[in-house]
Amino acid sequence: MASTVSGATDTSPTAPRVVDESVTKKVALAALVGTALEWYDFFLFTTAAALVFNAQFFVSQDPFVAAMGSFATLAVGFVARPIGGFIFGALGDKVGRKKILMVTIVGIGVVTGLIGLLPNYMTIGLAAPILLVALRIVQGLAVGGEWSGAVIIAVENAPVEKRARYAALPQIGSPIGTILSSGGFFGMLFLVGQSNFDAWGWRIPFIAAIPLLAISLWIRSRLSESPEFEALMESGETEHAPIRGVLKNSWRQILVGMCSALLGIGGFYLITSFVVFYGTKVLKLPSELLLLGTLLAAALEIAALIWAGRLGEKYGASKVILWGGVASAIIAVPVFLAIDSRNPVLVVLAMMIGVAVLSIPYAVSGTALTALFATKVRYTGVAITSNTAGVISGFVPLIATALVAANNSFWPGAIILLVVSALTALSGLFLPGLSIEEEGMKH
């Protein structure tokens, strides 16, 4: 019989449990592989939104209008994410983390392959952008349950004192996905040239998601279910109404957690997707240079995530989020000044430094969010929180593009990054008081 407890967040200390760390490593690796495919698929869309969708699906004489239509489609996917978070989060708290993670990864991979096969506006007219939006919505729904589930299953299989370390591993799926997606576009540009890339070459990386999905499914099928969730199932204490419980009793956790995740999501899309558009359309820089900057930034991000995860283990996630946000606020204007210089070396260095610094709080966001919610409502709480941050983040490139069109300056991008960094830094001050206390856990 499912528990009817309201799902309030219990902040009293809980006893540590014995964990087989060899299992922890396998689970974290399986979570990493799945999130890498998730972000590969999602970043393909964001890069394509900046490079080709404006011409393939949103035909307009004004490049800013076409770009805003393309970025609006990007934002639609983010709007769908919290809906997916509600659906898959609640199911994950009722039937298990592993089952839902198998469903979400299939949804993401299949939709991405279909986007690669979708006829463009010149072929089927208005049906092209409509179908693109529909596929984007389905993809957003699936992503809404993917990241949260992957982080949770990694955390719940980890020793309490090492959660920050293992929660940072699924985060590495983000730069790996960026490297694969940007590398796919960069490679196709190199192999077939700009005209063939614009005509058909951009489709190949999307279609490649299908074989990658098969590999991810095989690895994820070997994933172990969370022992904490299994204990709830055995005791009959699963929450029968996790959405109601979280919204009623943990709204403070949702607000603070949302701000803590904002920089890692919204800041990343600003430095990558928006900068790719701004660099190519406003500064007239070659798209190869911006893709190279994205690739190198993602490579550096891997090291930054591992380092920041260890910092979270040593000092606590809230301190890493606080000072990571402060550091990002400090570099916001210099980064955009460097990009606006049009100097190829400075542009690439600015993208690398910007992404590396904003990745510091992102590395520990999984640890911070999972600590805000009790096990029986954790999937729901983390999914709602992270995807609410994702909704705001999805509109960041759109807002930045609209403001740049109005004043033809880099300042809107710098100011947005500064504001988002400040919100994330402030959240670090409130996280410890809202988190669940566990012996050995540093907040």
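Throughout, residues of each chain are indexed from 1 in the direction in which the sequence is written. A pLDDT threshold of at least 70 governs which residues receive local features in this predicted model, and a stricter bar of 80 or more applies before side-chain atom pairs are shown or counted, although totals over entire chains, interfaces and linings include all residues. Calculation of side-chain values draws on the structure's entire complement of heavy atoms; hydrogens and water are dropped beforehand.

The secondary structure content of the chain amounts to 19 helices and zero strands. Atoms counted for the radius of gyration: C-alpha only. Globule rule: 2.2 Å times residue count to the power 0.38. In terms of overall size, the chain behaves like a compact globule, its C-alpha atoms giving a radius of gyration of 21 Å where 443 residues would be expected to give roughly 22 Å. Evaluated residue by residue, the chain yields a buried proportion of 60% over its 443 residues. Sequence-distant contacts, at least 24 apart, represent 87% of the contacts inside the chain between residues at least 6 apart. Methods summary: accessible areas were calculated by the Shrake-Rupley approach with a probe of 1.4 Å, and residue burial reflects only the protein chains presented. Of the accessible surface of the chain, which amounts to about 15900 Å², a share of 71% is contributed by carbon and sulfur atoms. Note on charges: Lys and Arg go in the positive column, Asp and Glu in the negative column, and His and the chain ends are not counted at all. Think of each charge as sitting on NZ of Lys, CZ of Arg, CG of Asp or CD of Glu. Charge-centre separation for the chain: the mean point of 27 positive side chains lies 2 Å from the mean point of 24 negative side chains. The secondary structure listing takes helices from DSSP runs of H or I that are at least 4 residues long and strands from runs of E that are at least 2 residues long, numbered from the N terminus. When accessible area is computed with a 1.4 Å probe and restricted to protein chains, residues below 20% of their type maximum are described as buried, those above 50% as exposed, and intermediate ones as partly exposed. By the convention used here, residues are in contact when the closest approach between their heavy atoms is within 4.5 Å.

For Leu289, the location among the structural elements is in helix 14 (residues 287-315). Residue Leu289 is classed as buried on the basis of its relative accessible area, which comes to 12%. Put simply, Leu289 and Phe186 are 103 residues apart on the chain and 9.4 Å apart in space, counted from C-alpha to C-alpha. Leaving out residues up to four positions away in the same chain, Leu289 has contacts with Pro344 and Val348.

Running from N to C, helix 13 (residues 251-282) and helix 15 (residues 317-340) cross one another at 10°; their axes reach a closest spacing of 11 Å. Comparing their axes, helix 15 and helix 13 come out roughly parallel. Across from Ser260, Leu263, Leu270, Ile271, Phe274, Val275 and Tyr278 in helix 13, the residues of helix 15 making contact are Ile321, Gly324, Gly325, Ser328, Val335, Phe336, Ile339 and Asp340. Amino acid classes used here: Ala, Val, Leu, Ile, Met, Phe, Trp, Tyr, Cys and Pro are nonpolar; Asp, Glu, Lys and Arg are charged; the rest, including Gly, are polar. Taken together, the residues that form the contact of helix 13 with helix 15 break down as ten nonpolar, four polar and one charged. All axes here are fitted lines through C-alpha atoms, helices being fitted over the stretch that makes contact, and every angle between N-to-C directions spans 0 to 180 degrees. Should an angle lie under 35 degrees it is considered roughly parallel, over 145 roughly antiparallel, and from 65 to 115 roughly perpendicular; all remaining angles are considered oblique.

Once that is clear, we can look at the pattern of salt bridges. Should a side-chain nitrogen of Lys or Arg be within 4 Å of a carboxyl oxygen of Asp or Glu, the pair is scored as a salt bridge. According to the stated counting rule, one finds seven salt bridges in the structure shown. Residue Glu156 is joined to Arg97 by a salt bridge in which the shortest nitrogen-to-oxygen separation is 2.9 Å. With a gap of 59 residues between them, Glu156 in helix 6 (residues 127-156) and Arg97 in helix 4 (residues 97-117) connect regions that are remote in the sequence. Under the relative-accessibility criterion, Glu156 is labelled buried at 0%.

To continue, consider the confidence of the model for the chain. When pLDDT is averaged along the chain, the result is 85, and 91% of the positions lie at 70 or above. For every residue, the predictor assigns a confidence score, pLDDT, that lies between 0 and 100. Taken element by element, the chain is modelled with least confidence in helix 2 (residues 53-56), mean pLDDT 75, and with most confidence in helix 15, mean pLDDT 95.

Quick look at the packing of helix 14 against helix 16 (residues 344-370) now. Relative orientation of the contacting elements helix 14 and helix 16 amounts to 30°, with a least axis distance of 7 Å. Our classification of the angle between helix 14 and helix 16 gives roughly parallel. As helix 14 packs across helix 16, the resulting crossing turns out to be right-handed. Split by residue class, the contact of helix 14 with helix 16 holds 20 nonpolar, five polar and one charged. A crossing counts as left-handed when the near helix is turned anticlockwise from the far one by less than a right angle, and as right-handed when that turn is clockwise.

Attention now moves to helix 16. A rise of 1.5 Å per residue sets the reference length of helix 16, with its 27 residues, at 39 Å; its end C-alpha atoms lie 40 Å apart and thus fit the reference within 8%. For helix 16, a buried count of 22 out of 27 residues is recorded, marking the element as mostly surrounded by other parts of the structure. Expected helix span is given by 1.5 Å per residue-to-residue step, counting one fewer step than there are residues.

The term nonpolar core refers to a set of buried residues drawn from Ala, Val, Leu, Ile, Met, Phe, Trp, Tyr and Cys, joined through side-chain atoms within 4.5 Å. Phe53 and Phe336 are the most contacted members of the largest nonpolar core, which has 117 residues in total. No other element matches helix 13, which puts 17 residues into this core.

The next subject is empty space enclosed by the protein. Within this scheme a cavity is a closed region of a 1 Å grid, computed over the protein atoms alone, that accommodates a 1.4 Å probe without allowing it to escape, whereas a pocket is open but has protein on both sides within 12 Å along at least five of seven lines; lining residues each have an atom within 4 Å of a point. Grid points are joined across faces, edges and corners, and a volume is the space filled by probe spheres set on the points. Going through the model one piece at a time under the given rule, you end up with three cavities of 30 Å³ or more. Approximately 120 Å³ is the volume attributed to the largest cavity. Taken together, 13 residues form the lining of the largest cavity, with Trp39, Arg81, Gly264, Ile265 and Tyr362 sitting closest to its centre. When contributions to the lining of the largest cavity are tallied by element, the ones reaching two or more residues are helix 1 (21-51), helix 13 and helix 16. Take the lining of the largest cavity: its biggest share by element is five residues, from helix 13. Here the lining of the largest cavity is composed, by residue class, of eight nonpolar, four polar and one charged. Size it by volume and the second largest cavity reaches roughly 70 Å³. Contributions of two or more residues to the lining of the second largest cavity are made by helix 1, helix 8 (173-201) and helix 13.

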